[in-house]
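So you can see what is in the structure, the chains are spelled out below.
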Amino acid sequence: DVKVTQSSRYLVKRTGEKVFLECVQDMDHENMFWYRQDPGLGLRLIYFSYDVKMKEKGDIPEGYSVSREKKERFSLILESASTNQTSMYLCASSFIHEQFFGPGTRLTVL
Amino acid sequence: QKEVEQDPGPLSVPEGAIVSLNCTYSNSAFQYFMWYRQYSRKGPELLMYTYSSGNKEDGRFTAQVDKSSKYISLFIRDSQPSDSATYLCAMSADSGGGADGLTFGKGTHLIIQP
């Protein structure tokens, strides 16, 4: 079975802090994705990567950056956390079209 | 016009009923269709994957795609309280490596009453 893991289930940070969310997949997938999920807005794509060191902006990249130094690991960085970045963050990986999701990180920014 | 429309619910049905969940879409290039189930405070779990039009069955679940109507459905037979969750449809037009990502509906919240 595909396994996607995320470094934290729950995280509380203060405004202005730099935040790192880590995602690891164990199926040698080429593609990895970061989404945020908010009530009434659904899943929104922040960034994705189709290869090591490659990254593409999604629909809402502002305030975020990403890093993919190894194929299995994709990191989301909030350079200076703000309260409007309080959300559920979901990582996914895929070989072709079917995406497999991690358990999510619920981030609260105070 | 939104690309993928999905009724948010909640949809409440008694245990044992047949459930029908639906999505409509506007992009005729979509050809890969998925259904995900998401329990509260968990990540989405892939339930069904279909390509182009037709039906696909897996246990109590049947996915149906009608590309001419731009309409997809998920049927759940003999529904159980454990089926209570949010169901998201997702679709892709990408004929390449999948890196373009998926377009998701906002999800339908389903409640199965014991």
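Structure first, text after, so check above.
Below is a short write-up of the structure. (Residues numbered from 1 in each chain as written. Chains lettered and ligands numbered in written order. Predicted model: local features only at pLDDT ≥ 70, side-chain atom pairs only at ≥ 80, totals over all residues. Heavy atoms only, no water.)

What to know about the overall build of chain B
Phase 1 of the analysis: Of regular secondary structure, chain B possesses zero helices and 11 strands.
Phase 2 of the analysis: Sequence-ordered secondary structure for chain B, helices as α and strands as β, is β-β-β-β-β-β-β-β-β-β-β.
Phase 3 of the analysis: The C-alpha radius of gyration of chain B comes to 14 Å, within 12% of the 13 Å expected for a compact globule of 114 residues.
Phase 4 of the analysis: Along the first, second and third principal axes, the C-alpha atoms of chain B reach 45 × 30 × 25 Å. (Helix = DSSP H or I, 4+ residues; strand = E, 2+ residues; numbered from the N terminus. Rg over C-alpha atoms; globule rule 2.2 N^0.38 Å.)

Overview of the pattern of salt bridges
All names here are of chain A.
Phase 1 of the analysis: A complete count under the given rule lists 10 salt bridges over all chains for this structure.
Phase 2 of the analysis: Glu69 is paired through a salt bridge with Lys53; the nearest N and O atoms lie 2.4 Å apart. Placement of Glu69 in strand S7 (residues 64-70) and of Lys53 in the loop between strand S5 (42-49) and strand S6 (56-57) is noted, with a sequence separation of 16 residues between them. Residue Glu69 shares its accessibility class with Lys53, and that shared class is exposed.
Phase 3 of the analysis: Because the salt bridges share partners, they merge into one network encompassing Asp28, Glu30 and Lys71. (Salt bridge = Lys/Arg side-chain N within 4 Å of Asp/Glu carboxyl O. Buried < 20%, exposed > 50% of the residue type's maximum accessible area, 1.4 Å probe, protein only.)

Quick notes on the nonpolar core
Phase 1 of the analysis: Grouped together as the largest cluster of nonpolar side chains are 24 residues, with contacts concentrated most on B:Trp35, B:Ile72, B:Leu74, B:Tyr87 and B:Met91.
Phase 2 of the analysis: Elements with a minimum of two residues in this core: strand S3 (19-25), strand S4 (32-38), strand S5 (45-51), strand S7 (61-66), strand S8 (71-76), strand S9 (85-92) and strand S11 (108-113) of chain B.
Phase 3 of the analysis: Core analysis: the second largest hydrophobic core is formed by 20 residues, A:Cys23, A:Val66, A:Tyr89 and A:Val109 among them. (Core = buried A, V, L, I, M, F, W, Y, C linked by side-chain atoms within 4.5 Å.)

Some remarks on unusual backbone geometry
Trans is the common state for peptide bonds, and a negative phi is the common state for residues other than glycine.
Residue and element names in this part refer to chain B.
Phase 1 of the analysis: For the bond running from Gly9 to Pro10, omega is 10°, close enough to zero to count as cis.
Phase 2 of the analysis: With respect to the element layout, Pro10 can be found in the loop between strand S1 (4-5) and strand S2 (11-14).
Phase 3 of the analysis: Positioned with a positive phi, Ser52 is a non-glycine residue whose angle comes to about 60°.
Phase 4 of the analysis: Relative to the helices and strands, Ser52 resides in the loop between S5 and strand S6 (54-58).

Considering the state of the cysteines
Residues and elements named next belong to chain A.
Phase 1 of the analysis: This model, assessed by the stated rule, comprises two disulfides over all chains.
Phase 2 of the analysis: Each sulfur in the disulfide pair Cys23 and Cys91 lies 1.9 Å from the other. Measuring the twist about the S-S bond at about -75°, one finds the Cys23-Cys91 disulfide to be left-handed. Taken together, the positions of Cys23 in strand S3 (residues 19-25) and Cys91 in strand S9 (residues 87-94) put the pair 68 residues apart, joining distant regions of the chain. Here Cys23 matches Cys91 in class, with each residue buried. (Disulfide = S-S within 2.5 Å.)

Focus on the interface of chain B and chain A
Phase 1 of the analysis: Counting residues at the interface gives 21 residues for chain B and 25 residues for chain A.
Phase 2 of the analysis: Both sides together, the interface formed by chain B and chain A hides about 1800 Å², and carbon and sulfur atoms give 58% of it.
Phase 3 of the analysis: Seen at the junction of chain B and chain A, the total is zero salt bridges.
Phase 4 of the analysis: Viewed at the interface, chain A and chain B are joined by five residue pairs in polar contact (both at pLDDT 80 or more).
Phase 5 of the analysis: When residues of the side of chain B that touches chain A are traced back to their parent elements, those giving at least two are S4, S5 and S9 of chain B.
Phase 6 of the analysis: It is S4(B) that contributes the most residues to the side of chain B that touches chain A, four residues altogether.
Phase 7 of the analysis: Its residues assigned to classes, the side of chain B that touches chain A shows 10 nonpolar, seven polar and four charged. (Contact = heavy atoms within 4.5 Å. Buried area = accessible area lost by both parts, 1.4 Å probe. Polar contact = N/O pair within 3.5 Å; in protein donor to acceptor, adjacent residues only side chain to side chain. Nonpolar A, V, L, I, M, F, W, Y, C, P; charged D, E, K, R; others polar.)

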